[in-house]
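Residue strings, one per chain:
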Amino acid sequence: MSWEVIGIWLGALLSLCLYSFLYKDNPFYKFAEHLFVGMSAGYWVIYTIMNVLIPNWWQKLVPMEGGFQPIWLVPGVLSLFMLFRLIPKLAGLSRLSLALIVGTGAGISITAMLQTRALAQVNGTIIALGQGGGWFNWVSNIIMVTGVVCGLVYFFFSKPHKGVVGGAANIGITILMVAFGASFGYTVMARISLLIGQTQFLLFEWLPTMGIHL
Amino acid sequence: MRLAIPLMITFVAGMIMILQFFVPATQPMGDSLQEWYMIVASAAIFLGAVNLIQVHTHKIRFKLKNWKYSPVTLIGFAVMIITGLVFGIEADLPFDYLFQQMVAPMAATMFSLLAFFVASAAFRAFRASNWRATLLLISAFVVMLGRVPIGSMIWNKIPLISEWIMQYPNMAGQRAVMIGAAMGMVATSLRMIFGVERSYLGGAD
């Protein structure tokens, strides 16, 4: 039996253990669930060490070409401080690490959010209005611009939703309902496609290892 | 001093990151800070791993509910760590093998299970109680139908309508949410940088 076949059997049996939850909670499901949690955690720890810490910290602290860069001890020490959260007496030191993470993250998100999530979206919405493509495209773009503006009005709570503001908020909530429905449908279909993928794996990769060809 | 130093670090780090966007001369400092940020933030995964070990050893020690499954978690965790550290993470080595043959199928199965739960939850929760709820229902139904062959078999325009819903009303709603959330994030970030929002420093004593 090759490693490939063993791998297919492992994947298939664990998938079946997890699918058994559709009947009811049972020991097979619990086994696979706990294994999944442990292996995923292990995977991410190793991934972080190999892809983040070694290239971004260790190889800069002790470069291949020789020499020692003591400045890189600072993020190392701050990372260690983060782990001190687990020791009550030293937990206060983790505030320094958190402060760096929060400060840098906040600074990055101000510019990144404004650029990608605000200005780029406004730009994309307005630019679409000037594009040609016939009356249908034009009406569709009007619906989009109206939807974005009214959706934003709905999220604006500093003014009571009455009169014109209330009307715009009403249009906004209507557009949002359509958007939420579409997003829901899209998410369901993404899950269904995963289900199809797993079913195909069981039918066309696992069953043939037992000589059953569909 | 207990709060002053962390607040100062937050302010300086935040201001460097904003400045480096507008002042090219400060960009190298911003790049270094981003690398530091990545390193320090990655420590959180170790915090999570240690916590996972603590929780499960505690469950085993005091024989808490479902404690018999805790060794499975710990063994799975240890196997991934050992194979990763001993053999490395390159393709076709044990770590990659375990990921491809065990973790990836389990992850796909877990997420595909959600298809059943989302569908059953929707069946119970979706009621055409008013015209907006009906609109949500129709929109979801058309998008789902438009993505499977039976949709075009019923009416060949269904995939086009589904695409239109995704491209216009859905995009409008998503953009409104995105712009609103971005404004909220900018405001919260500014509050953090200027020390108005300090809740993240709590709970460390």
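Residues numbered from 1 in each chain as written. Chains lettered and ligands numbered in written order. Predicted model: local features only at pLDDT ≥ 70, side-chain atom pairs only at ≥ 80, totals over all residues.

**A short note on the interface of chain A and chain B**
Working step 1: At the junction of the two partners, chain A supplies 99 residues and chain B supplies 104 residues.
Working step 2: Those elements that place two or more of their residues in the side of chain A that touches chain B are helix H1 (3-19), helix H2 (27-61), helix H3 (73-83), helix H4 (94-130), helix H5 (134-155) and helix H6 (163-206) of chain A.
Working step 3: Among the residues forming the side of chain A that touches chain B, the class breakdown is 62 nonpolar, 32 polar and five charged. (Contact = placed C-beta atoms within 7 Å. Helix = DSSP H or I, 4+ residues; strand = E, 2+ residues; numbered from the N terminus. Nonpolar A, V, L, I, M, F, W, Y, C, P; charged D, E, K, R; others polar.)

**Concerning the packing of helix H1 (residues 4-22) of chain B against helix H2 (residues 27-61) of chain B**
Residue and element names in this part refer to chain B.
Working step 1: Relative orientation of the contacting elements H1 and H2 amounts to 130 degrees, with a least axis distance of 8 Å. The pairing of H1 with H2 is recorded here as oblique in orientation. In the packing of H1 onto H2, the handedness of the crossing is left-handed. Residues Ala13, Ile16, Met17 and Gln20 of H1 lie in contact with H2, whose contacting residues are Gln27, Met29, Gly30 and Leu33.
Working step 2: In the contact of H1 with H2, the residues fall into five nonpolar, three polar and no charged. (Axes fitted to C-alpha atoms, helices over the stretch in contact; angles between N-to-C directions. Parallel < 35°, antiparallel > 145°, perpendicular 65-115°, else oblique. Left-handed = near helix turned anticlockwise from the far one by under 90°.)

**Focus on the packing of H4 of chain A against helix H8 (residues 169-193) of chain B**
Working step 1: For the pair H4 of chain A and H8 of chain B, the least separation of the axes is 8 Å and the interaxial angle reads 155 degrees. Of the possible angle classes, the one that applies to H4 of chain A and H8 of chain B is roughly antiparallel. For the pair H4 of chain A and H8 of chain B, the sense of crossing is left-handed.
Working step 2: Considered class by class, the residues forming the contact of H4 of chain A with H8 of chain B number 17 nonpolar, six polar and two charged.

**A closer look at unusual backbone geometry**
All names here are of chain B.
Working step 1: Even without being a glycine, Lys63 presents a positive backbone phi close to 45 degrees.
Working step 2: On the neighbour-count criterion, Lys63 (9 C-beta atoms within 10 Å) is exposed.
Working step 3: With phi around 60 degrees, Asn66 is a residue other than glycine that occupies positive phi space.
Working step 4: Within the fold, Asn66 resides in the loop between H2 and helix H3 (70-87).
Working step 5: Given 11 C-beta atoms within 10 Å, Asn66 falls into the exposed group. (Buried ≥ 20, exposed ≤ 12 C-beta atoms within 10 Å, placed from the backbone.)

**Comments concerning the nonpolar core**
Working step 1: With 58 residues, the main nonpolar core has Leu100, Ile101 and Ala182 of chain A together with Tyr37, Val40, Val143 and Ala172 of chain B as its most contacted residues.
Working step 2: For this core, the leading source of residues is H4 of chain A, giving nine residues.
Working step 3: The two domains that each donate at least three residues to this core are domain 2 (75-130) and domain 3 (132-214) of chain A.
Working step 4: Apart from residues lying up to four places away in sequence, Leu100 of chain A is in contact with Leu78 of chain A together with Ile9, Ala13, Trp36, Tyr37 and Val40 of chain B.
Working step 5: Within the second largest apolar cluster, 24 residues are counted, among which are Phe36, Ala41 and Ile46 of chain A together with Val103 of chain B. (Core = buried A, V, L, I, M, F, W, Y, C linked by C-beta atoms within 7 Å. Domains from an automatic or database assignment.)

**Topic: the domain arrangement of chain A**
Working step 1: Its domain assignment divides chain A into domain 1 (1-68), domain 2 (75-130) and domain 3 (132-214).
Working step 2: With centres defined by C-alpha atoms, the gap from domain 2 of chain A to domain 3 of chain A works out at 28 Å.

**Things to note about the environment of Ala169 of chain A**
All names here are of chain A.
Working step 1: By secondary structure assignment, the location of Ala169 is in helix H6.
Working step 2: Ala169 gets classed as buried once you count the C-beta atoms within 10 Å, which come to 22.
Working step 3: C-alpha separation for the pair Ala169 and Cys150, spaced 19 residues apart in sequence, amounts to 5.6 Å.

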